[in-house]
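# Architecture at a glance
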Amino acid sequence: MSVTGSALLAGVMGWPISHSLSPRLHGYWLREHNIHGDYVPLPVAPSNLEHALRALPSLGFRGVNLTVPHKEAGLPLMDSVSDIARRIGAINTVFVSGEGELSGTNTDAHGFIENLRLNAPTWRKNDGAAVVLGAGGAARAVVAALIDAQVPKVLLLNRTVAKAEQLAKAIGGSIKVVDWGDRDEAIKNAMLLVNTTTLGMVNQPKLEISLSALPKIAIVNDLVYSPLETELLRAARQMGLQTVDGLGMLLHQAVPGFEGWFGIRPVVTNGLRDVVLKST
Ligand code: ATR
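Quick caveat: nothing in here was measured; it's all calculated off a predicted structure.

By secondary structure assignment, the location of N221 is in strand β11 (residues 219-222). Only 3.0 Å separates the side chain of N221 from the backbone oxygen of V244, close enough to count as a polar contact. If we skip the residues at most four places from it in the chain, N221 touches F112, L116, L193, V194, N195, L233, V244 and D245.

Once that is clear, we can look at the domain arrangement of the chain. Domain annotation of the chain identifies domain 1 (8-107 + 254-277) and domain 2 (109-248). Averaged C-alpha coordinates put domain 1 and domain 2 at centres separated by 26 Å. With 12 residues of domain 1 at the contact, the number on the domain 2 side is 15 residues. Interface of domain 1 and domain 2: buried area, both sides summed, is about 1100 Å²; carbon and sulfur atoms make up 56% of it. The largest share of the area that domain 1 buries against domain 2 comes from R87, I88 and R273, three residues that together contribute 52% of it. At the boundary of domain 1 with domain 2, the tally comes to 2 salt bridges. Across the salt bridge formed by R87 and D148, the nearest N and O atoms sit 3.0 Å from each other. Here domain 1 is connected to domain 2 by 5 residue pairs in polar contact (both at pLDDT 80 or more).

Within this structure, the stated rule accounts for 11 salt bridges. In this structure, E229 and R234 form a salt bridge, with 3.9 Å as the shortest nitrogen-oxygen distance. Given the relative accessible area of 33%, E229 is considered partly exposed. Since its relative accessible area comes to 36%, R234 is described here as partly exposed. Among the charged side chains, a network of salt bridges with common partners joins K206, E208 and E231.

On to helix α4 (residues 108-119). Between its terminal C-alpha atoms α4 stretches 16 Å, which fits the 16 Å expected from 12 residues at 1.5 Å a residue. Among all positions in α4, only D108, A109, G111, F112, E114, N115 and L116 are buried. Buried-residue contacts for α4 involve α3 (83-88), α5 (137-148), β10 (192-195), β11, β12 (242-244) and α9 (247-253).

Following the criterion strictly, the structure yields 5 aromatic pairs and no others. Here Y39 and W261 contribute two aromatic rings whose centre-to-centre distance is 6.0 Å and whose plane-to-plane angle is 45°, an arrangement assigned as tilted. Within this pair, whereas Y39 is found in strand β2 (residues 37-43), its partner W261 is found in helix α10 (residues 255-262), the two being separated by 222 residues in sequence. With a centroid separation of 6.2 Å and 80° between ring planes, the pair formed by W261 and F262 is classed as edge-to-face. Accessibility assignment for this pair places W261 and F262 in one class, buried. Feature note: the residues W29, Y39, F95, F258, W261 and F262 constitute an aromatic cluster, connected by ring pairs. Positioned above the aromatic ring of W180, the side-chain terminus of R183 is 4.5 Å from the ring centre.

Here we come to the packing of helix α1 (residues 22-32) against helix α11 (residues 270-277). At a minimum axis distance of 9 Å, the contact between α1 and α11 shows a crossing angle of 140°. Pair α1 / α11 crosses with right-handed handedness. Along the contact surface, α1 presents R24, L25, Y28 and W29, while α11 presents G271, L272, V275 and V276. By residue class, the composition of the contact of α1 with α11 is 6 nonpolar, 1 polar and 1 charged.

Conventions and cut-offs
- Residues numbered from 1 in each chain as written.
- Predicted model: local features only at pLDDT ≥ 70, side-chain atom pairs only at ≥ 80, totals over all residues.
- Heavy atoms only, no water.
- Helix = DSSP H or I, 4+ residues; strand = E, 2+ residues; numbered from the N terminus.
- Polar contact = N/O pair within 3.5 Å; in protein donor to acceptor, adjacent residues only side chain to side chain.
- Contact = heavy atoms within 4.5 Å.
- Domains from an automatic or database assignment.
- Buried area = accessible area lost by both parts, 1.4 Å probe.
- Salt bridge = Lys/Arg side-chain N within 4 Å of Asp/Glu carboxyl O.
- Buried < 20%, exposed > 50% of the residue type's maximum accessible area, 1.4 Å probe, protein only.
- Expected span 1.5 Å × (residues − 1).
- Phe/Tyr/Trp six-rings, centres within 6.5 Å; stacked < 30°, edge-to-face > 60°.
- Lys NZ or Arg CZ within 6 Å of the ring centre and 35° of its normal.
- Axes fitted to C-alpha atoms, helices over the stretch in contact; angles between N-to-C directions.
- Left-handed = near helix turned anticlockwise from the far one by under 90°.
- Nonpolar A, V, L, I, M, F, W, Y, C, P; charged D, E, K, R; others polar.

Here it is as structure tokens:
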């Protein structure tokens, strides 16, 4: 479909940007809702981020997503920042107001918890800890979401323990840092295990963990979606545990941005999943 000057515009800034799945995702919803708009990949080098963001109002953009490596760097460039983005320390979604002001938020925590709520409705969050592996940017959003969901205790394990401690301090709440080497025991009595590390991703080392201590009613969620069924998820499935894959979080985090830019709250469907999966 060709766009005219009246099209509603949004996009994603990253460096590089060619691997982003977001144009396909938002493009699907734009077509589904017959919206005259476009969502474009914007290759923006780190040194150009401020200029590129400040140009959005005059270019007529409704907003953008920010992806690697701009999520942290974009935060201080905003005119206003949501509380959740401040706690996570990163923004992934920018809205341009009618006055040309930029407001930043982070929808990853929403995407994570919404995906879990819909795909693991049997999760007994009050009955045991949630164990989070990793302490990078994705882990910050996951831990913030779990604390906000009032999970009684989050056990946080990371190869670099100092990063886990920093994360726990920044987010606050009932977070206990556990040694990375103790992961097989840490999952005993846990109701949820989430992998936010890059382990298990294509071309990355395997995540070494034994799930045998995990209760049979526990949920295992891997944020890695390439491959869609990681070795962690396969092992969990073979033990009869309920699994949640990483693609859902990516799809659900996109909902608030689309709604803010294009005025319709879209729904995550299997049709959308199939279209996005084709490009992973
Ligand atoms: P993201 O923003 O997607 O969370 P990231 O910030 O690069 O990505 O974080 C990657 C996570 O994977 C980190 O928790 C990292 O552990 P360190 O903080 O110790 O680097 C973890 N990770 C990557 N490779 C790892 C490995 N070989 N063993 C254990 N953890 C690993």
